[in-house]
Amino acid sequence: MTQPDLEIRSVTVDDAGELLTLRRAAFVTEAQQYGDPHIPPLTQTLEELEADLQREGVITLGGWYGHRLVGSIRMLIEGSKATLGRFAVAPDLQGQGFGTQMLMAILPHLPEGIEEVWVFTGRDSVQNLALYAKHGYEHQHDQTAGDLTYAYLRKILGDTGSEHAEA
């Protein structure tokens, strides 16, 4: 099956309402799995999201399929490290390759000098862990926050610069 192509670009404040809707839809399943409706992607307000989109050191990418925002991923840049978060794909389109396209799209958007990319997900989120492992992320440690335990995974980028495409 050929996966449909996404238009992947930076999310702007003008897209904030659509992004908030996408994240809430995508993270409901996660919240149900862990029995916690108060996970941050579900409690973030529109104003907090708009502020985050304008925050220095944060890059948020969206994937549009036609006119619809169907995927997003947030990158926090700290020195030579990027941390991925709020990775979301519309629930009705999961399993069709959109998440893989979003994950692959981050590399050209990373600033020069990034040596490692980190991501975290619920320790019991088997599909998420499998996706990250398939793309070269290796489990480093688990960390408990409240009632949830997160798995932290890391991918070391090569010194050759081959991971960085021209943006």
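Figured I'd write up the structure that's included with this text. Predicted model, so just to flag it, every value in this text is computed and none were measured. Position labels on residues start from 1 in each chain and follow its written sequence. Local features in a predicted model are, by the rule used here, given only for residues with pLDDT of at least 70; side-chain atom pairs are given and counted only at 80 or more, and totals for whole chains, interfaces and linings are based on all residues. Only hydrogens and water are set aside when side-chain values are computed; all heavy atoms of the structure are taken into account.

1. A look at the pairing of strand β2 (residues 58-65)
Here is the rule we go by: Whether a residue is buried, partly exposed or exposed follows from its accessible area with a 1.4 Å probe, protein chains only, as a fraction of its type maximum: under 20%, in between, or over 50%, in that order. Strands here mean DSSP runs of E at least two residues long; helices mean DSSP runs of H or I at least four residues long; both are numbered from the N terminus. DSSP calls a pair of strands paired once it identifies at least 2 bridges connecting them.
Counting buried positions along β2 gives 7 out of 8 residues, so the element sits mostly inside the fold. When strand β1 (residues 7-10) meets β2, the two strands line up antiparallel, connected through 4 bridges. The residue of β2 that forms the bridge with R9 is G62. Between β2 and the antiparallel strand that follows it, strand β3 (residues 68-78), lie 2 residues; G66 among them carries a positive phi value of about 70 degrees.

2. Details of the sheet that holds strand β5 (residues 116-122)
Note the cut-off: Each axis is a line fitted through C-alpha atoms, and for a helix only the stretch in contact is used; angles between axes span 0 to 180 degrees, taken between their N-to-C directions. We call two residues contacting when some pair of their heavy atoms lies within 4.5 Å.
Here we have 7 strands laid out as an open sheet, ordered β1-β2-β3-β4-β5-β7-β6, and mixed in their pairing. Edge strands, defined here as strands with exactly one partner in the open sheet, are β1 and β6 (138-145). Geometrically, the sheet is characterised by an average inter-axis angle of 25 degrees between neighbouring strands, direction not taken into account. Against the sheet, helix α5 (residues 126-134) contacts β4 (81-89), β5 and β7 (148-156), and its axis sits at roughly 165 degrees relative to β5.

Nothing here speaks to function; it is geometry throughout.
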